[in-house]
Amino acid sequence: MLTMMECCGRSSRFLASKKPRRQQINSRIANLETRLNDFAPAVRAQALAELVALAQQGAVPLEPEADVANMHCHTFFSFNAYGHSPTSLAWLAKRRGFRLMGIVDFDVLDGVDEFLDACEVVGVRGSAGMETRVFLPEFATREINSPGEPGVYYHMGIGFTSSQVPETAASILDDLRQRAARRNRSVADRVNAYLTPVTIGYERDVLPLTPGGTATERHMVVAYMRAAGRTVPNPIEFWADKLNVESDQIATLLDDTPKFQNLIRAKLMKRGGVGYVQPDSGMFPSVEEFHRLIVACGALPCATWLDGTSAGEQAIEELLDLLIGKGVVALNIIPDRNWNIADPETRRLEVQNLYDVVRLAQNLALPLNVGTEMNSFGQKLMDDFDVPELAPVRQAFVDGAHFIYGHTVLQRVLGLGYQSDWAQTHLPSRRERNDFYTKVGYRVPPGKAGMAWLKQLDSSMSSADILSKLNE
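These numbers were taken from a predicted model, which means no experiment stands behind them. (Residues numbered from 1 in each chain as written. Predicted model: local features only at pLDDT ≥ 70, side-chain atom pairs only at ≥ 80, totals over all residues. Heavy atoms only, no water.)

A. Highlighting the overall build of the protein chain. In terms of regular secondary structure, the protein chain is built from 20 helices and seven strands. Expressed as lengths along the three principal axes of its C-alpha atoms, the size of the protein chain is roughly 85 × 65 × 50 Å. When each of the 472 residues of the protein chain is scored for burial, the buried share is 54%. For the protein chain, restricting intrachain contacts to residue pairs at least 6 apart in sequence, the fraction spanning at least 24 positions comes to 73%. (Helix = DSSP H or I, 4+ residues; strand = E, 2+ residues; numbered from the N terminus. Buried < 20%, exposed > 50% of the residue type's maximum accessible area, 1.4 Å probe, protein only. Contact = heavy atoms within 4.5 Å.)

B. Structural detail: the packing of helix α18 (residues 430-443) against helix α20 (residues 463-471). At a minimum axis separation of 10 Å, α18 and α20 run at an interaxial angle of 15°. Classed by the angle they form, the pair α18 and α20 counts as roughly parallel. Relative to α20, the crossing made by α18 is left-handed. In this structure, α18 contributes F436, K439, V440 and R443 to the contact, and α20 contributes S463, I466, L467, L470 and N471. For the contact of α18 with α20, the per-class residue count stands at five nonpolar, two polar and two charged. (Axes fitted to C-alpha atoms, helices over the stretch in contact; angles between N-to-C directions. Parallel < 35°, antiparallel > 145°, perpendicular 65-115°, else oblique. Left-handed = near helix turned anticlockwise from the far one by under 90°. Nonpolar A, V, L, I, M, F, W, Y, C, P; charged D, E, K, R; others polar.)

C. Region of the structure containing the packing of helix α3 (residues 86-96) against helix α4 (residues 112-122). One way to put it is that α3 packs onto α4 with a least axis distance of 8 Å and a crossing angle of 30°. With respect to α4, the element α3 is oriented roughly parallel. Handedness of the α3/α4 crossing: right-handed. Residues P86, T87, L89, A90, W91 and K94 of α3 pack against E114, F115, A118, C119 and V122 of α4. Within the contact of α3 with α4, the residues separate by chemical class into eight nonpolar, one polar and two charged.

D. Representation of the nonpolar core. One finds L293, L331, I333, V358, L368 and F397 to be the most contacted residues of the largest nonpolar core, which totals 79 residues. Top element by residues in this core is helix α15 (residues 344-363). It accounts for seven residues. By size, the runner-up hydrophobic cluster in this structure holds 32 residues, among which are L300, Y418, L427 and L457. (Core = buried A, V, L, I, M, F, W, Y, C linked by side-chain atoms within 4.5 Å.)

What follows is the structure, given as structure tokens:
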């Protein structure tokens, strides 16, 4: 029989042997999660497969699912401040217990298939969208949600189910890419002239920072920082002179890369900077053109709202009535910027604006798409749904997320999404569709289980038949 001392000794050795193994597993998990953001699709897919296998073995701790949603996350196909690929965002949602997650990229649909496929693998309720800027001639004299740019409007499509675009709309998507590239090259030309001898080549220095060849101003900022580091002997003095900022402040910011990048972008590329050009009506597509692309893909035109303080957004009912007439069926909100404000009076006013626009959206039968964006440093991975300011609107946020998920799974598996002939026949009003797809979103489980359930349905069934079948 073992003595107490011998038992304690064996137990200590057993625990000591487990510790290095746990460290090895943690190291492997961290390495795999890094590979989720590799520019090679095959590397991302293999890393996800290995992480899912580890999770099934109980080696990866997964947080319990919470009733929260982030339906507006940019991926590295446009710009994600944390470097997340579509696959990485799906895994992030699974590991952190986010019930629903959606991606949105500027001017491209490159991540749609990858994200929805990854959501199916890990078991997350997902959606996919696209964002761009359009020109709205009816508001040509009023600033809307693009600061300092009257008539220019950030606009979205949500509920895409494929990266492939019908031939009838392919030229519109190509045009969006080309317009974005022309704007970026024009900015780079002007900034190059100002920052000489620090210059960048768009193909040489900017495009390699992206996985799909679609760059943003934020990619150009990174390229300029790297160029300065290899070109000038004293980057602190260089940036202090070019940005008109004290050297001490630059020295401090060099240790805070996100803030430094935001400063460069604000000083050089945004309104008032040497790279900025005031947009005109020909710089961006029309709402109607963008909607043709969205609807051709079976997706949903989605209005966007900033904070209700601009001249255009102070006329929000007029704006939304106009956009609904052009085909809009949903509204996007970024909640954190509307309550997480230091000044108490500003917070009070903007929280009230948030409540007002949510109430208006409900009156106009516009489901909500909410999220944090993640395309700027410091933005959250998930909204804080438990803060008192969001309590009155939380259910509207969660319902909206389930609505777009419900559309997405039905369109992806059966072609019975919001824009389908089936929906127009069985659900002629927007309110009927909103109610139906929201219920579908709540009832269809994520991942392969949900896909299997849906494959039992077909287009001969009524909406009531589908809901009844899903209740089983």
